[in-house]
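Reading the structure
Spelled out from the first residue to the last, the chains are:
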Amino acid sequence: MLERTTRPPPEYEPLDWSSAAPTSILARIDEAGIVGMGGAGYPTVSKLASGLHYGTEHVVANGVECEPGVHADRSLMRQHLSQVIEGLHIVGHCLGCDQLTLAVADRETYRIFQSSDIADVKCEIVSDHPANGEERTLIKSLFDQTIPPSAYPSQHGIVVLNVATLFAICEAVRDGYRPTDRVVTVLDEDRWVDVNTSLSAFCSDESQMRLGSVATGTIDRGDATIDLTTNAVAHDRGKLTRACIHCGWCDDVCPRSLPVEAMLRSQQSTSPQDDLEPHFDACFECGACVVVCPSEIPLLDWIRQGKLEASARRLKQRALKRFERRNQRLTQHLSEETDAREARIRTRHEW
Amino acid sequence: MVHVMVALLPGIAVHVALAGWQTLVVIGATTIAALVTEIACTRSARDLADGSATVTGLLIGLCLPASTLWFVCLVAAIIAVAIAKHAFGGLGNNVFNPAMAGYAAVLLAYPALVVEFDTVSGATALEQLAHRGSTTIEEVSTTQAFGAFGAANHEWVNLAFLIGGLYLIAVRVISPLLPLCVIAGIGITAFLLDDGGSSTSHGSPLFNWFAGGTMLSAFFIATDPVTSPSNRVGIVVYALGIGALAMLIRKYSSWPDGFAFAVLLANCFVPLLERIGRTRTSTS
């Protein structure tokens, strides 16, 4: 199923990580340009450096892939579980941490892990709710620990890395490869895809494509390409969208308990409600609402639009405030000048 | 919506078995009229795909008795789709349940033509209870209009709709909360009003669950997502209200059954219930 196309030869010298210093491992991860492949694209070296600085108690391999219709990480784990685990060991060695956990959501991967007799890694199975793949939710369900929104988990002793990132770390450190391809669920079929592949390569007809899963992906405007953070490519189902029937399922399913329906209504109306703004920012785009919507409304597109508008509105307000303050300053300055001049004139008259 | 149509099938089958092929004519007339009105209002056949017009037509057909004249069917379906739905802005924006608005309109406009007479036993059980003078419940319940545990014939219809409703819950089209609360509303009110069988009593909760349109309303009509609240508190108040109102109308008005009016009255309160639910979630 997973055929890997020919890759360029290794760019770096293979590293014997078990005897290497953490700094040289970090340097390798940095020069290989590895980023969080679960979707966020956060530079892995920054996360690890933060983990090293604050001290790390747990390293978690995040194989909880809960976006609807995406199974790229699952396929990767089934085929290359040993490399993923070795990546986890490399990170553990680098951060001086021996509490290693692999979190998965499907029984099949769990079973494969159990039969592969890996002793020093714990495997945890979590439910496959669309929100569980998000790292803070995962930390909450694994360690019952809440990370405040202002901090990164690495500042609280927990480093969560996606399994594809760990696989890339293993290849970069052990074999010296720079990551140039990844497993992507392309139209429901997992395969290795080179980065910078254009989305139009997968599109057979005129239909719209989404970069990402059918629920959480963004619509391709014609210039989208696969990068290291892309886990899926899907067809857009936009033409099937019907009117909202106010069933409230999106509100019920939202892991952050956001008023999704009210947010949609506000976006669709001509006068958006200002008081919903914090809700737009609180959405972490898990796509659960899109999955349950009986009218197949692309709710996440509306919410992302709302987020953009909210930040644009904030920028505008800040600019307006700046402008008003400047005007005030100028008028004050002017009036002071006028006063001074009048005072001068008056004194000259008296003189 | 395909699931809803499938879930209605047992009820339709029992209706046909009890009242004959004329039921199919009535249901067919209301459904076709609803579909044609939908096309006329939207000027395209695109919106037929959502199935809402079909379900509206089917529900009106199931509410009307088998002997209903064809033009009454047309009026009910046209009022439902054109006035109750599209005049309010189409699917998703209607305040009142379209099927109940259409049914209530013909109920008020042509009472003599749509009040149900059972083809077998004359007046139905609810009809007899509403217009019985001073006879006690025991005397009435010996007549043919009463069945083993509910109203004659209607108990089987209600049972069929109960099965269809359980199917809808099983395939997760509706949540069990709303129909349960409607049934609880009927049950509690019937229990409080039941004084053990005097001439003013109106039957046990069990009888009222299996008489008239109880199960059809609880599982198929009150659960319309557009015209019911979307928060939990709202749903409970809305559904209990429908049950209680329907029971009060059964007992204290001259209408034998009150679900159409109960649902429409409860629809009026939905915007308010939505607001109560929202303030609760935003403060918590």
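The structure under discussion appears in the preceding block.
These numbers were taken from a predicted model, which means no experiment stands behind them.

About the cut-offs
- Residues numbered from 1 in each chain as written.
- Chains lettered and ligands numbered in written order.
- Predicted model: local features only at pLDDT ≥ 70, side-chain atom pairs only at ≥ 80, totals over all residues.
- Heavy atoms only, no water.
- Helix = DSSP H or I, 4+ residues; strand = E, 2+ residues; numbered from the N terminus.
- Expected span 1.5 Å × (residues − 1).
- Buried < 20%, exposed > 50% of the residue type's maximum accessible area, 1.4 Å probe, protein only.
- Pairing = 2+ DSSP bridges.
- Axes fitted to C-alpha atoms, helices over the stretch in contact; angles between N-to-C directions.
- Parallel < 35°, antiparallel > 145°, perpendicular 65-115°, else oblique.
- Left-handed = near helix turned anticlockwise from the far one by under 90°.
- Contact = heavy atoms within 4.5 Å.
- Nonpolar A, V, L, I, M, F, W, Y, C, P; charged D, E, K, R; others polar.
- Core = buried A, V, L, I, M, F, W, Y, C linked by side-chain atoms within 4.5 Å.
- Buried area = accessible area lost by both parts, 1.4 Å probe.
- Salt bridge = Lys/Arg side-chain N within 4 Å of Asp/Glu carboxyl O.
- Polar contact = N/O pair within 3.5 Å; in protein donor to acceptor, adjacent residues only side chain to side chain.

All names here are of chain A. With 13 residues, helix 6 (residues 163-175) should reach 18 Å at 1.5 Å per residue; the first-to-last C-alpha distance of 17 Å fits that figure. Turning to helix 6, its buried residues are V163, A164, T165, L166, F167, A168, I169, C170, E171, A172 and V173. One or two residues past the end of helix 6 sits G176, with phi positive at roughly 85°.

The next point concerns the sheet that holds strand 3 (residues 121-125) of chain A. Residues and elements named next belong to chain A. One open sheet holds the four strands; their spatial order is 3-2-1-4, and the pairing between them is parallel. One side of each edge strand has no neighbouring strand; the edge strands of this open sheet are strand 3 and strand 4 (158-162). Pairwise comparison of adjacent strand axes, ignoring direction, gives a mean angle of 25° for this sheet.

Our focus in this paragraph is the packing of helix 1 (residues 22-31) of chain A against helix 3 (residues 72-95) of chain A. Residues and elements named next belong to chain A. At a minimum axis separation of 8 Å, helix 1 and helix 3 run at an interaxial angle of 130°. Comparing their axes, helix 3 and helix 1 come out oblique. Here helix 1 and helix 3 pass one another in a crossing that is left-handed. Counted together, P22, I25 and L26 of helix 1 and I90, H93 and C94 of helix 3 form the full contact between these two elements. Tallied by class, residues from the contact of helix 1 with helix 3 come to five nonpolar, one polar and no charged.

Grouped together as the largest cluster of nonpolar side chains are 62 residues, with contacts concentrated most on L8, M100, L216, F220 and I242 of chain B. With residues near it in sequence (within four places) discarded, M100 of chain B still touches C63, I221, A260, V263 and L264 of chain B.

With that settled, consider the interface of chain B and chain A. Opposite the 11 residues of chain B that make contact, chain A presents 11 residues. Carbon and sulfur atoms supply 54% of the area buried between chain B and chain A, which totals about 900 Å² over both sides. Connecting chain B to chain A are zero salt bridges. Inspection of the chain B/chain A interface yields two residue pairs in polar contact (both at pLDDT 80 or more). Across the side of chain B that touches chain A, the residue classes tally to four nonpolar, four polar and three charged.

This is a description of form; function is not addressed.
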